[in-house]
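Understanding the architecture of this molecule
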Amino acid sequence: MTIDDLRAFIATYEAQSVSNAAVSLQMTQSALSKRLKGIQQEVDAELISTTNRRSLQITESGETFYRYAQQLLSQYNEMREAVTTVEDLRRGSIRIGSVPIMSQYGLMQALTNFMQDYPNVSVQLQETEGQRIVSALQSQLLDAIIIRDLNTTYLQHHHLSQVNLLDDELVVVLPANHPLAKKMTIAPADLADNAFTSLPQGSGVYEILIKLCQSAGFTPSIHFESTHIETILSVVANSQQCTLLFKESVRPFMTDQLVMRPLTTPVTSHLQFVYDADHHSAAVQQLLRYIQSAIQH
């Protein structure tokens, strides 16, 4: 008896019809009937009663066979998955995309630990803006991405799983000698006469900057853009420009030349791990566990 035999009986039992089961199994009705007859001969028991030609009847022996067939098929699938997991982590590969925040949240340490524990897994990391890595994931050029929920508006694939990693709050970063640095909180309207340095379009932060300012009645004057937070903060520290960034991504780079202030109305964001639920590997799942562990500690 084979695994295909078990699948055939299970399909017939659940469809309560040989013809419907044959369609679901993509085989002819006569081929399925022959397979079912062979199963019954092998176990030397009538599993399906054919006395009523209008309705398929499962015998008591058939009910018992179905329960054991389910267990065997479940164990078989678990065995296949376990073997696949071992092989993926022994000689697999993983392509990760991330917005440029890997070092700020302990994510780089999680990735390093993963590579140390699974040295035969080839790892590729691409750090760029959210819109680009979302597009790469949807084109299957990446296996998983780390983005803010601000970027999920670009997600079009219905089979993508999104796992929240942590929350962060948007803050205004100013030179320490800026007049607004004396305020405890800052409203978007307070920034109307200021020049901005910003992450570029597609970052999610750029889009929310535009939205906040427009809701306050003005269009922000953005004088400089960069994908690198350190570069943005250097410009802010040496000018009277300001920027909007997320608190935990900025904290490691703060100096006495800079101050951060919360917005009067807080804006928060989820950092997310996103992957294709239909085509993910064991390496993707294991890396997610390492990242979650690093963040929790």
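Presented here is an overview of the structure given in this document.

Details of the overall build of the chain
- Along the backbone of the chain there are 10 helices and 11 strands.
- Taking 297 residues into account, the globule formula puts the C-alpha radius of gyration at 19 Å, and the chain, at 29 Å, lies well above it.
- Viewed in the frame of its principal axes, the chain has a C-alpha envelope of about 90 × 45 × 30 Å.
- Evaluated residue by residue, the chain yields a buried proportion of 44% over its 297 residues.
- Excluding contacts between residues fewer than 6 apart, the proportion of contacts in the chain whose partners are at least 24 apart in sequence is 72%.
- In the structure as shown, the chain presents an accessible area of about 15900 Å², 47% of it carried by carbon and sulfur atoms.

Some remarks on the side chain of Thr197
- Tracing the backbone shows Thr197 in strand S7 (residues 195–198).
- We classify Thr197 as buried; its relative accessible area is 0%.
- Once residues within four sequence positions are removed from consideration, Thr197 is found in contact with Phe224, Ile232, Val235, Val236, Gln241, Cys242 and Thr243.

Quick look at helix H8 (residues 229–237)
- Taken as a whole, H8 has its buried residues at Ile229, Ile232, Leu233, Val236 and Ala237. Relative to the axis of H8, the buried residues are bounded by an arc of 130° and lie together on one face.
- Of the surrounding elements, those touching the buried residues of H8 are strand S6 (160–175), S7, strand S9 (243–246), helix H9 (247–250) and strand S10 (258–262).

A closer look at the nonpolar core
- Counting residues in hydrophobic clusters, the biggest one holds 66 residues, and the most contacted among them are Ile146, Leu170, Leu191 and Phe273.
- The element best represented in this core is S6, accounting for eight residues.
- With residues near it in sequence (within four places) discarded, Phe273 still touches Ala144, Ile145, Ile146, Ser161, Gln162, Val163, Leu165, Val284, Leu288 and Ile291.
- In this structure, Ala8, Ile10, Leu32 and Leu56 belong to the second largest nonpolar core, which totals 20 residues.

Digging into unusual backbone geometry
- The phi dihedral of Gln16 is positive, around 55°, even though this residue is not glycine.
- We note that Gln26 has phi near 60°; this positive angle belongs to a residue other than glycine.
- With relative accessibility at 75%, the residue Gln26 sits in the exposed group.

What to know about the packing of aromatic side chains
- Scanning the model with the defined rule gives six aromatic pairs in all.
- Judged by centre distance (4.8 Å) and plane angle (80°), the rings of Phe9 and Phe65 are edge-to-face. Here Phe65 lies in helix H4 (residues 60–91) and Phe9 lies in helix H1 (residues 3–15), a separation of 56 residues in the sequence. Phe65 matches Phe9 in its accessibility class, with the two residues each being buried.
- Judged by centre distance (6.2 Å) and plane angle (65°), the rings of Tyr118 and Tyr290 are edge-to-face.

The rules behind these values
Residues numbered from 1 in each chain as written. Predicted model: local features only at pLDDT ≥ 70, side-chain atom pairs only at ≥ 80, totals over all residues. Heavy atoms only, no water. Helix = DSSP H or I, 4+ residues; strand = E, 2+ residues; numbered from the N terminus. Rg over C-alpha atoms; globule rule 2.2 N^0.38 Å. Buried < 20%, exposed > 50% of the residue type's maximum accessible area, 1.4 Å probe, protein only. Contact = heavy atoms within 4.5 Å. Areas by Shrake-Rupley, 256 points an atom, 1.4 Å probe, with all protein chains shown as cover. Arc of directions from axis to C-beta. Core = buried A, V, L, I, M, F, W, Y, C linked by side-chain atoms within 4.5 Å. Phe/Tyr/Trp six-rings, centres within 6.5 Å; stacked < 30°, edge-to-face > 60°.

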